[in-house]
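Coordinate analysis (summary)
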Amino acid sequence: MKDIRILFADDESEIRELLVKYLSREGYRVDTVPDGERAVELFKKREYNLVILDIMLPGIDGIEVCKLIRDRANIPIIMLTAKDSEVDRVVGLRIGADDYITKPFSMEELIARIKAQLRRFYVLGGEGSRDNSQTNGPLEFAPLSIDLARYLVYKDGEEIKLTSTEFKILKLLIAAPGKVYTKKQIFNKVWGDDYLEADNNVMVHIRRLRKKIEEDPQNPSFIKTVWGIGYYFTEGE
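The name given to the protein in an unreviewed UniProt entry is Stage 0 sporulation protein A homolog, and the organism recorded there is Iocasia fonsfrigidae. The Function (unreviewed entry) field of the UniProt record for the protein holds the comment "May play the central regulatory role in sporulation. It may be an element of the effector pathway responsible for the activation of sporulation genes in response to nutritional stress. Spo0A may act in concert with spo0H (a sigma factor) to control the expression of some genes that are critical to the sporulation process."

**A look at the sheet that holds strand 1 (residues 5-9)**
Strand pairing in a sheet relies on backbone hydrogen bonds. The paired strands run either parallel or antiparallel. Across the sheet, which stays open at both edges, the five strands sit in the order 2-1-3-4-5 with parallel pairing between neighbours. Each edge of the open sheet is held by one strand with a lone partner, namely strand 2 (29-33) and strand 5 (99-102). With direction set aside, neighbouring strand axes in the sheet form an average angle of 15 degrees. Across five bridges, the pairing between strand 1 and strand 2 is parallel. What sits directly across from Leu-7, in strand 2, is Asp-31.

**Points about unusual backbone geometry**
Residues Lys-103 and Pro-104 are joined by a peptide bond in cis, for which omega reads -5 degrees. Inspection of the secondary structure assignment puts Pro-104 in the loop between strand 5 and helix 5 (107-122). A cis amide bond links Ala-142 with the next residue in sequence, Pro-143, at an omega value of 5 degrees. With respect to the secondary-structure elements, Pro-143 resides in the loop between strand 6 (139-141) and strand 7 (144-147). Here the phi dihedral of Asp-156 falls at roughly 55 degrees; this positive angle occurs in a residue that is not glycine. Topologically, Asp-156 is positioned in the loop between strand 8 (152-155) and strand 9 (158-160).

**Some points on the side chain of Arg-210**
The residue Arg-210 is located in helix 8 (residues 198-213) in this model. Engagement of the side chain of Arg-210 in a polar contact is seen with the side chain of Thr-225, the distance being 2.6 Å.

**Things to note about the environment of Glu-108**
Following the sequence through the fold, Glu-108 ends up in helix 5. Counting along the chain gives 86 residues from Glu-108 to Tyr-22, while the straight-line C-alpha distance between them is 8.8 Å.

**Thoughts on the confidence of the model for the protein**
Looking at the protein, pLDDT values average 84 and 84% of them are 70 or higher. Taking the mean pLDDT of every element in the protein, the minimum, 63, falls on helix 4 (residues 86-94) and the maximum, 97, on strand 1. Every residue in residues 125-136 is under pLDDT 50, and counting partners more than four places away or in other chains gives 22 contacts.

**Points about helix 3 (residues 62-72)**
Taken as a whole, helix 3 has its buried residues at Gly-62, Ile-63, Val-65, Cys-66, Ile-69 and Arg-70. Considered in projection along helix 3, the buried side chains sweep an arc of 160 degrees and stay on one side of the axis. Across from the buried face of helix 3, at angles greater than 90 degrees, the exposed residues are Asp-71 and Arg-72. Two or three places before Ile-63, at the start of helix 3, stands the capping residue Asp-61, its side-chain oxygen 3.2 Å from that residue's backbone nitrogen.

**With respect to the pattern of salt bridges**
Under the counting rule described, the total for this entry stands at 12 salt bridges. For Asp-31, the salt bridge goes to Arg-5, with nearest N and O atoms at 3.0 Å. Taken together, the positions of Asp-31 in strand 2 and Arg-5 in strand 1 put the pair 26 residues apart, joining distant regions of the chain. For the pair Asp-31 and Arg-5, a shared accessibility class is recorded, and that class is buried. For Glu-166, the salt bridge goes to Arg-208, with nearest N and O atoms at 2.6 Å. Of this pair, Glu-166 sits in helix 6 (residues 164-175) while Arg-208 sits in helix 8, and the two are 42 residues apart along the sequence. Summarising the burial analysis for this pair, Glu-166 and Arg-208 share the class buried. Where salt bridges share partners, they join Asp-10, Glu-12, Asp-54 and Lys-103 into one cluster.

What counts as what
Residues numbered from 1 in each chain as written. Predicted model: local features only at pLDDT ≥ 70, side-chain atom pairs only at ≥ 80, totals over all residues. Heavy atoms only, no water. UniProt positions renumbered as here; feature names shortened; annotations may be inferred. Pairing = 2+ DSSP bridges. Helix = DSSP H or I, 4+ residues; strand = E, 2+ residues; numbered from the N terminus. Axes fitted to C-alpha atoms, helices over the stretch in contact; angles between N-to-C directions. Polar contact = N/O pair within 3.5 Å; in protein donor to acceptor, adjacent residues only side chain to side chain. pLDDT = per-residue confidence, 0-100. Contact = heavy atoms within 4.5 Å. Buried < 20%, exposed > 50% of the residue type's maximum accessible area, 1.4 Å probe, protein only. Arc of directions from axis to C-beta. Salt bridge = Lys/Arg side-chain N within 4 Å of Asp/Glu carboxyl O.

What follows is the structure in structure tokens.
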């Protein structure tokens, strides 16, 4: 994967220098900034493939920067937090982050997460028989229209803005209608990882996805829950 540009915002100069050193070895181009305001300014001027944000940025914090970026682009966003706090993680995921890492972390772990996000975003592939190569156009599930090739979702003719992670989950479920995926299976296939907090991450993203695509998120027609097990996709009622 060539010509990947990453924006990294963190107020600790040592971490910025170390990350540039490691990511440059991987062939990535990295721009670093020490605060949220400069992160937003630089993002508006250049095109990035991935953004890494420390939550506790000076000025405009990482949560607000994430919101501003998500309003403009659907690229992967990884949040960094020094707090081992469930609140920070849930808030980050709810406002559009795709992944998070708690400080202190190893550069090897961060690089692995970066590669996983880029791989899923640019080389996304689902299971089963439903993929963009086997359809003549968007998949229709009234009132939804889902264009897998162009990463677009419409509801009643209006485009719905999904994050990259939300789209990955939707595509995974659509690829095999009726197949039940456990939360850990979804996390492993979408995030490319497996750890103890997979359940909460998946639940947050499913909740956000339902709010966007379902007429009644409390009584979903498309993404169904099998209590105690996981989720599956149906073609509506």
